[in-house]
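# Remarks on the overall topology
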Amino acid sequence: MERKNLSEYGWLDVATRGIRFKPDRMAVRAELFAHLEDKQADLRRIFPDMTRGEAERRALESMGDPEELSRELAKIHKPWLGYLWVASRW
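Below is a summary of the structure that appears in this document. Since this is a predicted model, take the numbers as computed values, not measurements. (Residues numbered from 1 in each chain as written. Predicted model: local features only at pLDDT ≥ 70, side-chain atom pairs only at ≥ 80, totals over all residues. Heavy atoms only, no water.)

This paragraph deals with the packing of aromatic side chains. Inspection of every chain in the model, using the stated rule, returns one aromatic pair. Where Tyr9 meets Phe33, the ring centres are 6.0 Å apart and the plane angle is 20°; that geometry is what we call stacked. Within this pair, whereas Tyr9 is found in helix H1 (residues 8-16), its partner Phe33 is found in helix H2 (residues 22-46), the two being separated by 24 residues in sequence. (Phe/Tyr/Trp six-rings, centres within 6.5 Å; stacked < 30°, edge-to-face > 60°. Helix = DSSP H or I, 4+ residues; strand = E, 2+ residues; numbered from the N terminus.)

Given below as structure tokens:
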């Protein structure tokens, strides 16, 4: 998949698709989105003439390969841990 052609939402979809427990996936997605927004804001502050699109592109590039991140996040966020947590709340 070409990372250059992904919007930030497409990048987030790819990066979080390996997380099978939906509450974890949504929490990680929100955190990654916040990081992207922070990176974009920093770039626009440092380079005031930078367009929003260029800041988005550079922020996405700095976040790395979404498929590789997806694999790593899937190793950390096991679905059975989430279901065990839900069961423990009953």
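Once that is clear, we can look at the nonpolar core. Core analysis: the largest hydrophobic core is formed by 16 residues, its most contacted members being Trp11, Leu32 and Leu36. Every element with two or more residues in this core is listed here: H1, H2 and helix H3 (52-63). Not counting the four nearest positions on each side in its chain, Leu36 is found in contact with Glu8, Trp11, Leu12, Ala59, Leu60 and Met63. (Core = buried A, V, L, I, M, F, W, Y, C linked by side-chain atoms within 4.5 Å. Buried < 20%, exposed > 50% of the residue type's maximum accessible area, 1.4 Å probe, protein only. Contact = heavy atoms within 4.5 Å.)

Two packed helices can be described by the angle between their axes and the distance between those axes. Contact geometry for H1 and H2: axes closest at 10 Å, N-to-C directions at 140°. Between H1 and H2, the angle is such that the two are oblique. Handedness of the crossing formed by H1 with H2: right-handed. For the pair H1 and H2, the contacting residues are Glu8, Tyr9, Trp11, Leu12, Asp13, Ala15 and Thr16 in the first and Arg25, Val28, Arg29, Leu32, Phe33, Leu36 and Gln40 in the second. The class makeup of the residues in the contact of H1 with H2 is eight nonpolar, two polar and four charged. (Axes fitted to C-alpha atoms, helices over the stretch in contact; angles between N-to-C directions. Parallel < 35°, antiparallel > 145°, perpendicular 65-115°, else oblique. Left-handed = near helix turned anticlockwise from the far one by under 90°. Nonpolar A, V, L, I, M, F, W, Y, C, P; charged D, E, K, R; others polar.)

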